Amino acid sequence: MNRRTILVLGASGLIGRFVTDDLRARGFRAVGVARSLSPAQTMSALDIELPILSLDAAALTRLLSEHEVDVVVNCLGVLQDGPGSDTNAVHRDFVARTLQAIADSGRAIRLVHISIPGSAEADRTAFATTKREAERLIAASAIPHAILRPGFVVAPSAYGGSAMLRALAAFPLDLPAKEMATPFQPVAVEDISATIAWLTAREIDDASVRAVSWDLMQSEPVAMTGVIKQFRLAFGTAGWPHAVMPPFMLDLGARLGDFANMLGWMPPMRSTAIAELRRGVTGDPSAWSAATGIAPKTLTEAIGRHPATIQDVWFARLFLIKALIIASLVAFWLVSGFIALFVSYRAAAAILTAHNFPPALVDPITTGTSLMDMSIGVLIAFRRTAAIGLVAGIVASLGYMFGAAILTPDLWIEPLGALVKTGPAIVLMLVALLMLDNR
């Protein structure tokens, strides 16, 4: 058993989680660190929650020394600036502190940095330019390093862009023809982990791998349409007729995604994602394969030759619907409260008056419940408070139902069935609450 210690930064992400678990299975001592880990991701005492991006160089140095780290794998990354996400801070500044910490540790440590493929000349987004700045910092350092540039990552789990492609494959919907023709060379996440294991097994003074930059992807170019087609074969939707999304809908979706990003959500369809999608994912894996002897898995091998499981199909079908569910609930609570407060205030107050409520209570109750409804909508709109808002919405709806049963029972049989429809709304809020987790 190889007891070299590997520190994986960003161990809750798509690549970081798989790499952490896979390296442990290979016999390495893998310490997985992330800002937050789900209960399912803390299966080992070596899975550690730390405010990793807030640590200064001295704290990072102590972390390296405490765990006697031999290899640092940096999987940290954010797609776009937004609340709690700063591309400069994550991609450039943190890498600078990590390099300083490695130099100050007094240990012989190799840095394996997960970057992006492509050339600097084609970088157009803050995501890409800051990733490239980090590469330049690493290359200019004296630290033994490997910069790995994986293509489109295919993994057993799904997040971000990979989840969006699965969702497209589950629906009879294609992106515009130009985007579907974009080159998209994939790589199996197993090949990324195998590369890190291979590097870890090399001696730190091995000159052939002291400073390398490799593209990790299958050598044969594949268009996005080929990637989605392979997922459709797994989902059993390959024979369905497909409608092509108008280009303006893609741009509109990116703008809506940017707005959701400002509210703390991280939808895969944002302006940066669309820009990177149109750029494509290409590279030359020959140097990587020649050095490591790893034959990259084909797209068919990465996705698998077997049909998708029912949980895969459910996730793909519900992934895009999740945004629609959240948006509809936000609109439901905001609009209903607004109408009762500003449009039909007298009608709403008249319901209480007609049921012999004390006149002194009619206006406060009407105004209070309207403001409460609008507040629930605002809470659901922000990712950080969405769970609170959904629970509050369920409690408020149950309160309306039981309160009406006691105070205004005739409302249960009014022709439009407003109270009867509250039941399905509660179920929808419960569904949204259960779907909030991203990983």
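Everything in this summary refers to the structure shown in the same document. What you are looking at is a predicted structure, and each value in this text was computed from that prediction instead of being measured. (Residues numbered from 1 in each chain as written. Predicted model: local features only at pLDDT ≥ 70, side-chain atom pairs only at ≥ 80, totals over all residues. Heavy atoms only, no water.)

Backbone geometry at Glu68 places phi at a positive 50 degrees, although glycine is not the residue there. Relative to the helices and strands, Glu68 resides in the loop between α2 (57–66) and β4 (71–74). Residue Glu68 is classed as exposed on the basis of its relative accessible area, which comes to 51%. (Helix = DSSP H or I, 4+ residues; strand = E, 2+ residues; numbered from the N terminus. Buried < 20%, exposed > 50% of the residue type's maximum accessible area, 1.4 Å probe, protein only.)

This part takes up the environment of Gly10. With respect to the helices and strands, the residue Gly10 is situated in the loop between β1 (5–9) and α1 (14–25). In this structure Gly10 comes out as buried when scored by relative accessible area, which is 10%. Those residues within four positions of Gly10 in sequence are excluded, and the remaining contacts are Gly16, Arg17, Val33, Cys75 and Leu76. (Contact = heavy atoms within 4.5 Å.)

Quick look at the nonpolar core now. By size, the foremost hydrophobic cluster in this structure holds 32 residues, and its most contacted members are Leu23, Val73, Leu148, Ile192, Ile196 and Trp214. Only β1, α1, β4, β5 (110–114), β6 (145–150), α7 (189–201) and β10 (211–216) provide two or more residues apiece to this core. Top element by residues in this core is α7. It accounts for 6 residues. When near neighbours in sequence (up to four residues on either side) are disregarded, Leu148 contacts Val112, His113, Ile114, Ser115, Thr195, Ile196, Leu199, Trp214 and Leu216. Grouped together as the second largest cluster of nonpolar side chains are 30 residues, Met164, Met180, Phe184 and Ile303 included. (Core = buried A, V, L, I, M, F, W, Y, C linked by side-chain atoms within 4.5 Å.)

Between its first and last C-alpha atoms helix α9 (residues 247–262) spans 23 Å; for 16 residues at 1.5 Å apiece the expected length is 22 Å, and the two agree. Leu250, Gly253, Ala254, Gly257, Asp258, Ala260 and Asn261 are the residues of α9 that are buried. Summarising the axial view, the buried residues of α9 lie within an arc of 160 degrees, below the 170-degree limit, and thus occupy one face. Away from its buried face, by an angle of more than 90 degrees, α9 presents the exposed residues Phe248, Arg255, Leu256, Phe259 and Met262. On its buried side, α9 packs onto α6 (177–180) and α10 (271–279). (Expected span 1.5 Å × (residues − 1). Arc of directions from axis to C-beta.)

What holds strands together in a sheet is hydrogen bonding between their backbones, with the strands either parallel or antiparallel. The strand order across the open sheet built from 7 strands is β3-β2-β1-β4-β5-β6-β10, with neighbouring strands paired in parallel fashion. Bordering the open sheet on either side are β3 (47–49) and β10, each of which pairs with just one other strand. On average, each strand axis in the sheet is tilted by 15 degrees relative to the strand beside it, whichever way the strands run. Where β6 lies against β10, 6 bridges are found, and the strand directions are parallel. Within β10, the position partnered with Pro150 by the bridge is Leu216. Running at roughly 155 degrees to β6, helix α4 (residues 126–140) makes contact with β5 and β6 of the sheet. (Pairing = 2+ DSSP bridges. Axes fitted to C-alpha atoms, helices over the stretch in contact; angles between N-to-C directions.)

Enumeration over the complete set of coordinates arrives at 18 salt bridges. Between Arg132 and Glu135 there is a salt bridge; the shortest N-O distance is 3.4 Å. A residue pair is termed a helical-turn pair when its members lie 3 or 4 positions apart in one helix, as Arg132 and Glu135 do in helix α4 at 3 residues. Judged by relative accessible area, which is 5%, Arg132 ranks as buried. (Salt bridge = Lys/Arg side-chain N within 4 Å of Asp/Glu carboxyl O.)

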